[in-house]
Amino acid sequence: MDGDPAVESGLDGFSLIFPLPYRVGFIVTLAVWGWGLNLHYLHLLKVDVPSLIRYPGRSSPHHISHHFSTYRLATVLSALFGVFMVLFWLLTWGVASRVIDYDWIPMTYLVSIMAVFIVPLRNLPSGGRRRFLTTLKRVSIGGIAEAQDGKFGDILLADVLTSYAKVCGDIFVTLCMFFTSGGSSTKRPDRNCGGTVIVPLLMAVPSMIRFRQCIIEYLRVRRAPYKESVGWGGQNLANALKYSTAFPVLITSTLQRNTDNAAAKASLNKAWLVAALVNSLYSFYWDIAKDWDMTLFASRRERTSPHHPWGLRDRLIFRPVTIYYAVMVLDLFLRCTWSMKLSPHLDKFSDFESGIFLIEFLEVFRRWVWIFFRIETEWIRNSSTGLGIDDFLLGDYQGGIDGDGDDD
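Computed from a predicted structure; not experimentally measured.

## Concerning unusual backbone geometry
Of the consecutive residues R319 and P320, the connecting peptide bond is found in the cis state with omega at -10°. Here the phi dihedral of R54 falls at roughly 60°; this positive angle occurs in a residue that is not glycine. When you line up the elements, R54 lands in the loop between α3 (49–52) and α4 (66–92). R54 sits in the partly exposed class, given a relative accessible area of 39%.

Next comes the structure, spelled out in structure tokens:
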């Protein structure tokens, strides 16, 4: 358990068995498995994800599918994690001094992960990895492709990166501790390593990326020759504002952590609370109303329309319909995990390394669920014939209400 006095000072119990570099690698591996599951399940529902992100389709039915190709990559990453994790445990046996001295093992593991993505490997298709790196390079500076060149894929990746903001900070902390004189990447993580500004700044980068993308889209709309058909770009500015609400949260949190003045800390805590609440609720609203096109926050007439289930929309791909309500509740709950700090019983939980890791994991899980519904929404927007035979359609719902009373 974190804070165990029996553990050497500077090394908490969680880091003793699961050092920070392995946590980073574990989250990355989960991300690849998650994307494979996204592709696989949506493929079963006849949603063509590759076409949405403008990724080349398979030219032959004998070629391995996109999701199985992703599973293959995830399997390699999982094997790397297992081998390096077991090797580390066998050499350290939970002895704190050994955990610190053998930090080169998990660092070698991180280098191996990078190699899997960069180095051409015969048994791993290189097209997907090359496309990912190209997209990441463009997105990393806030760039965004034109619609016909894969704009949706750029937006999807950039949105995913916002959920990996803490992981990005952990990568820097790991490298900083490893290269610091007398330091070790397997000690208790020092999130002030390299200064009190660098880590929060790195965590802000994904939101800066999406902010810039929104501004680029706004300027594109303003230059469009037929503005009446695409609007004036107000939604892009509202979206940019949403991402900008992440900055006050990071600023107030950083200032609060680095001040010793009790009065100032109390004031900053109130400011942080307001900032976190605004960010979470605004982001939740955007998930529901804009990313998923639900009518939950629409006018009463639209929300209660007989043409669709209450608060949802006309076309729904997933079954049963109740899953949409469950996911909306889950999204709100996971966007407000920071509220644990308000509980007198859980307020210290997020200060423990195990608590920080759990919060990172929950955010990654939330984003994984979000991807299903974001892609579903984009598919419906782009294709009136993109729904499978078993999809929940307007006619099905009307039949259940206005017909003989049978519920679908």
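After that view of the structure, there is still more to cover.
## Quick word on the packing of helix α16 (residues 322–335) against helix α17 (residues 353–382)
One way to put it is that α16 packs onto α17 with a least axis distance of 10 Å and a crossing angle of 140°. Viewed along their axes, α16 and α17 adopt a mutual orientation that is oblique. As for the relative orientation of α16 and α17, their crossing is left-handed in sense. Judged by residue contacts, Y324, V327, L330, D331, L334 and R335 of α16 engage L362, E363, F365, R366, R367, V369, F373 and E376 from α17. Here the contact of α16 with α17 is built from residues that sort into eight nonpolar, no polar and six charged.

## Thoughts on the side chain of R210
With respect to the element layout, R210 can be found in helix α10 (residues 198–223). At 3.4 Å, the side chain of R210 and the side chain of D159 are in polar contact. Here the side chain of R210 touches Y243 through a polar contact of 3.2 Å, side chain to side chain. When neighbours within four sequence positions are excluded, R210 is seen to be in contact with I155, A158, D159, T162, N239 and Y243.

## A few points about the state of the cysteines
Counted according to the given criterion, the structure contains one disulfide. The side chain of C176 participates in a disulfide bridge whose partner is C193; the two sulfur atoms lie 2.0 Å from each other. Here the disulfide of C176 and C193 is left-handed, its torsion about the S-S bond being about -80°. Linking C176 in helix α9 (residues 165–179) with C193 in the loop between α9 and α10, this pair joins segments that are 17 residues apart in sequence. In this pair, the class of C176 matches that of C193, namely buried.

## Some points on the packing of helix α12 (residues 234–244) against helix α14 (residues 262–291)
When two helices pack together, their arrangement is given by the angle between the helix axes and by the axis-to-axis distance. Close contact between α12 and α14 brings their axes to 10 Å; oriented N to C, the two are set at 145°. Relative to α14, the crossing made by α12 is left-handed. Seen from α12, the contacting residues are Q235, A238, N239, L241 and K242; seen from α14, they are N279, Y282, S283, W286, K290 and D291. A breakdown of the residues in the contact of α12 with α14 according to their chemical character gives four nonpolar, four polar and three charged.

## Thoughts on the environment of L30
Mapped onto the fold, L30 is located in helix α2 (residues 20–44). Residue L30 is classed as partly exposed on the basis of its relative accessible area, which comes to 28%. Placed 47 residues apart in sequence, L30 and L77 show a C-alpha to C-alpha distance of 9.2 Å.

## Observations regarding the UniProt feature "transmembrane region" (unreviewed entry) in the protein
UniProt's feature table lists "transmembrane region" (unreviewed entry) at residues 20–42, 73–92, 104–121 and 316–334, given in the numbering used throughout. From the first C-alpha to the last, residues 104–121 spans 24 Å; its make-up is 83% helix and 0% strand. Along residues 316–334 the backbone is 68% helical and 0% strand, and the end-to-end C-alpha distance reaches 23 Å.

Rules used throughout
- Residues numbered from 1 in each chain as written.
- Predicted model: local features only at pLDDT ≥ 70, side-chain atom pairs only at ≥ 80, totals over all residues.
- Heavy atoms only, no water.
- Helix = DSSP H or I, 4+ residues; strand = E, 2+ residues; numbered from the N terminus.
- Buried < 20%, exposed > 50% of the residue type's maximum accessible area, 1.4 Å probe, protein only.
- Axes fitted to C-alpha atoms, helices over the stretch in contact; angles between N-to-C directions.
- Parallel < 35°, antiparallel > 145°, perpendicular 65-115°, else oblique.
- Left-handed = near helix turned anticlockwise from the far one by under 90°.
- Contact = heavy atoms within 4.5 Å.
- Nonpolar A, V, L, I, M, F, W, Y, C, P; charged D, E, K, R; others polar.
- Polar contact = N/O pair within 3.5 Å; in protein donor to acceptor, adjacent residues only side chain to side chain.
- Disulfide = S-S within 2.5 Å.
- UniProt positions renumbered as here; feature names shortened; annotations may be inferred.

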